[in-house]
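# Geometric and topological summary
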Amino acid sequence: KSDERALERALEHDEFILHYQPTVHLESGAITGAEVLLRWERSGQGLNFPAQFITIAESSGLILPIGEWVLREACRQARAWLQCGLGLGRIAVNVSAAEFSDRRFLSKVRAILEETGLDPRYLQIEMGEDSLSRNPPHTLPALQELKNLGVRIAVDNFGTGRASLSFLREFPIDTVKIDKSFVHNIEAKSGKAVATALLAMAWGFNHQIVAEGIETQTQHAFFKKHHCAEGQGYYLGRPMTTEAFAALATQRN
Ligand code: G
Ligand code: G
Ligand code: MN
């Protein structure tokens, strides 16, 4: 309960900030976009990470106003960057199952896009497999509506969830993000086989692919060699402040 109060106060007092982690075209090194990652500048405690508060936000329902703030701030920033000529391909926002299944989710997305003036094709919504496959009769039409708006859909942590292959085929998915555990495993022989199988599967479904959690030169080289278009990870760029991301994207693209 006291944790909930602290989160409510954080919203009221504007203590949340966004960090941006670049996604990179592996062949050219160009920045293709950014994933938005929520941080809480908690008074007296420094930076708090989602692992420390997202569960409480979800169980208390506060994830709804927090998620709305994230979406609005991300769209506003992306629009500002695009207007000053930053070659930003897309901005990816994480959405929890609790947000996505909220009745008002789609109207919120629509309203925020309108209010910020961001062209919807620059927005990507990221959801885990389990969020996507929780309630298919609800999920499929909701995803279709997002697609109709022009928003992109990404499956986060691909390979770790319980989504059946038929969902992955039938849902209107643009991108799969291969979970970092598979990326870290490529140093083992079986890990190489699994990683190439995941790539082949994504191609088979005609999805774009991002390899997540690239931490070493070896991992980078492996995914580049196997024609994975994009990567994300500490080796390519850590989550960083708004200013740092703008500087990096200006210099690189
Ligand atoms: O940065 P990292 O520790 O940054 O994030 C940990 C987890 O928190 C990830 O699984 C990520 O999807 C989730 N996350 C980060 N930012 C947000 C956000 O704005 N909304 C939601 N719902 N999840 C987020
Ligand atoms: O679950 P999701 O993929 O949305 O969350 C991304 C999480 O991974 C964030 O917590 C982010 O800070 C973290 N992350 C980003 N790059 C790397 C990396 O190279 N290695 C590891 N271990 N974590 C990373
Ligand atoms: Mn993500």
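Residues numbered from 1 in each chain as written. Chains lettered and ligands numbered in written order. Predicted model: local features only at pLDDT ≥ 70, side-chain atom pairs only at ≥ 80, totals over all residues.

## Section: helix H10 (residues 189-204)
Counted only if it meets this: In DSSP terms, a helix is any run of H or I states spanning at least four residues, a strand is any run of E spanning at least two, and both are numbered starting from the N terminus. An expected span of 1.5 Å times one less than the residue number is assigned to each helix. Any residue with 12 or fewer other C-beta atoms within 10 Å of its own C-beta is exposed, any with 20 or more is buried, and the rest are partly exposed; the C-beta atoms used are placed from the backbone. As used here, the arc is the angular range of directions from the helix axis to the C-beta atoms. Contact definition: two residues whose C-beta atoms, as placed from backbone geometry, lie within 7 Å.
Between the first and last C-alpha of H10 there are 23 Å, a value that for 16 residues agrees with the 22 Å anticipated at 1.5 Å per step. For H10, every residue scored as buried is listed here: Ala195, Leu198, Leu199 and Ala202. One face of H10 carries all of its buried residues, which in axial projection span an arc of 95 degrees. Summarising the geometry of H10, the exposed residues directed more than 90 degrees from the buried face are Lys189, Ser190, Ala193, Ala197, Ala200 and Gly204. For H10, the secondary structure elements touched by its buried residues are strand S6 (152-158), strand S7 (175-178), helix H9 (180-184) and strand S8 (208-211). Of the residues trailing H10, Asn206 is marked for its positive phi of about 65 degrees.

## What to know about the site of ligand 1
What counts, and what does not: In this text, near has one meaning. A residue is near a molecule or strand if its C-beta atom, placed using the backbone, is within 6 Å of it.
Close to ligand 1 lie Leu37, Leu38, Phe49, Pro50, Ala51, Ile54, Gly67, Val70, Asn94, Val95, Ser96 and Pro239. Among the secondary structure elements, those contributing two or more residues to the shell around ligand 1 are strand S2 (31-42), helix H2 (50-60) and helix H3 (63-83). Here the element with the most residues in the shell around ligand 1 is H2; it accounts for 3 residues.

## Focus on the confidence of the model for the chain
Let me state the cut-off plainly: Note: pLDDT gives the predictor's confidence per residue, expressed from 0 to 100.
Confidence in the prediction of the chain, expressed as mean pLDDT, is 96, and 100% of residues score 70 or more. If you check the scores for this complex, the pTM reads 0.97 and the ipTM reads 0.98.

## Some remarks on the pairing of S6
Put simply, the test is: Only strands joined by at least two bridges in the DSSP assignment are considered to pair.
In terms of burial, S6 is largely enclosed, as 7 of its 7 residues are buried. As judged from the 5 bridges shared by strand S5 (residues 123-128) and S6, these two strands associate in the parallel manner. Bridge pairing links Met127 to Val155 in S6. Two strands pair when backbone bridges link them, and S6 and S7 are joined in this way by 3 bridges, in the parallel orientation.

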